[in-house]
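Below are the chains, spelled out letter by letter.
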Amino acid sequence: MLIELPIVQPKAERKKKPNWLRVKLPMGENYKRVRKLVDEYKLHTICQSGHCPNMGECWGEGTATFMILGNVCTRSCSFCAVATGRPPELDTDEPERVAEAIQLMGVKHAVITSVNRDELKDKGAQIWFDTVRLVKEYSPSTTIETLIPDVRGKWNALELMISAGQEVVSHNMETVASLYRKVRPQAKYQRSLDQIKRTKEFGKRTKSGVMVGLGETKDEMLKTMDDLVAHGCDVLTIGQYLQPTKRHIDIAEYVHPDVFEEYKEFGLARGFDYVESGPMVRSSYHAERHVYPNRS
């Protein structure tokens, strides 16, 4: 009897990184100092949890993006390296530790982000408010950007999150509408746009970030830019998606730096105050430049 064996398709080889995606290794005294403070104050940073390729550069300049509300997210986005699961209990001392660390680092512009905490009634808004308020109290001259999560349409929670005095409020679209189910399965494209619009109506400087290389088309990118401008977004960052591990969504394309330059020109022509676009750009990269319009 002849047994017919199933045909096994070979696994696609991972695309080789082009030479324009080389990053500097973390080094230097400032890097060591920031690392020591982060460890000493038991803080989380998206630089570490998100496997950010710019960690060496940013930490070497004495800056870091702090991640509050723990380091376990209730979402399972297919691009993100942050751990997913059931978060631990709220750490109510965290806001003060973050504020003390920022003061000790002498940070001129602080970026604060967080995991999603969908299990919380206020989505973590009170911790957000307390953190920003204490940073301002400890370091009055420090400007702040908060990169906030999707609040699932809980607009009262959004208002509390953004009312403590931060200068910039960012919420990332991450990708184009057609890829949301694949990339951000627990998020909604229009809901994120609505969140940005409400933030702008509250009087805040607004910002968003988009990744490329996930399979989007140029027309889809331009449509996303148009949607963001129409909903009051002031600043846009565009960067190359880099696959954190083999478990995460595959890279569809390494986008050439010339295309990033085109996207920057398209974005500025559409009305953004500032566009940061390049293969290594991440949402908090050069964030100090995004506080005021037309500042390079």
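For clarity, every value in this text was computed on a predicted model and none was experimentally measured.

## Some details on empty space enclosed by the protein
So, point 1. Counted by the stated rule, this structure contains 1 cavity of 30 Å³ or more.
So, point 2. Within this model, the largest cavity holds a volume of roughly 30 Å³.
So, point 3. Lining the largest cavity are Ile-148, Val-169, Ser-170, His-171, Gln-195, Ile-196, Thr-199, Thr-206 and Lys-207.
So, point 4. Of all the elements in the fold, those that place two or more residues in the lining of the largest cavity are β7 (168-170), α8 (189-201) and β8 (205-212).
So, point 5. Top contributing element to the lining of the largest cavity by residue count: α8, with 3 residues.

## Details of the pattern of salt bridges
So, point 1. Applying the stated criterion across every chain, the model contains 14 salt bridges.
So, point 2. Here Asp-118 and Arg-152 are joined by a salt bridge, their closest N and O atoms 3.3 Å apart. With Asp-118 in the loop between β5 (109-114) and α5 (125-138) and Arg-152 in the loop between β6 (143-147) and α6 (155-161), the pair connects residues that are 34 residues apart, well separated along the chain.
So, point 3. With a relative accessible area of 35%, Arg-152 lands in the partly exposed category.
So, point 4. Among the salt bridges present, the one from Glu-145 reaches Lys-207, with a minimum N-O distance of 2.8 Å.

## Section: the pairing of strand β2 (residues 65-68)
So, point 1. Judged by which residues are buried, β2 turns out to be covered on both faces: Thr-65 and Met-67 on one side and Phe-66 and Ile-68 on the other are all buried.
So, point 2. When β2 meets β5, the two strands line up parallel, connected through 4 bridges. Looking at β5, one finds that Thr-65 is bridged to Val-111.

Conventions and cut-offs
- Residues numbered from 1 in each chain as written.
- Predicted model: local features only at pLDDT ≥ 70, side-chain atom pairs only at ≥ 80, totals over all residues.
- Heavy atoms only, no water.
- 1 Å grid on protein atoms, 1.4 Å probe; cavity = no way out; pocket = protein on both sides within 12 Å on 5 of 7 lines; lining within 4 Å.
- Points joined across faces, edges and corners; volume = space filled by probe spheres on them.
- Helix = DSSP H or I, 4+ residues; strand = E, 2+ residues; numbered from the N terminus.
- Salt bridge = Lys/Arg side-chain N within 4 Å of Asp/Glu carboxyl O.
- Buried < 20%, exposed > 50% of the residue type's maximum accessible area, 1.4 Å probe, protein only.
- Pairing = 2+ DSSP bridges.

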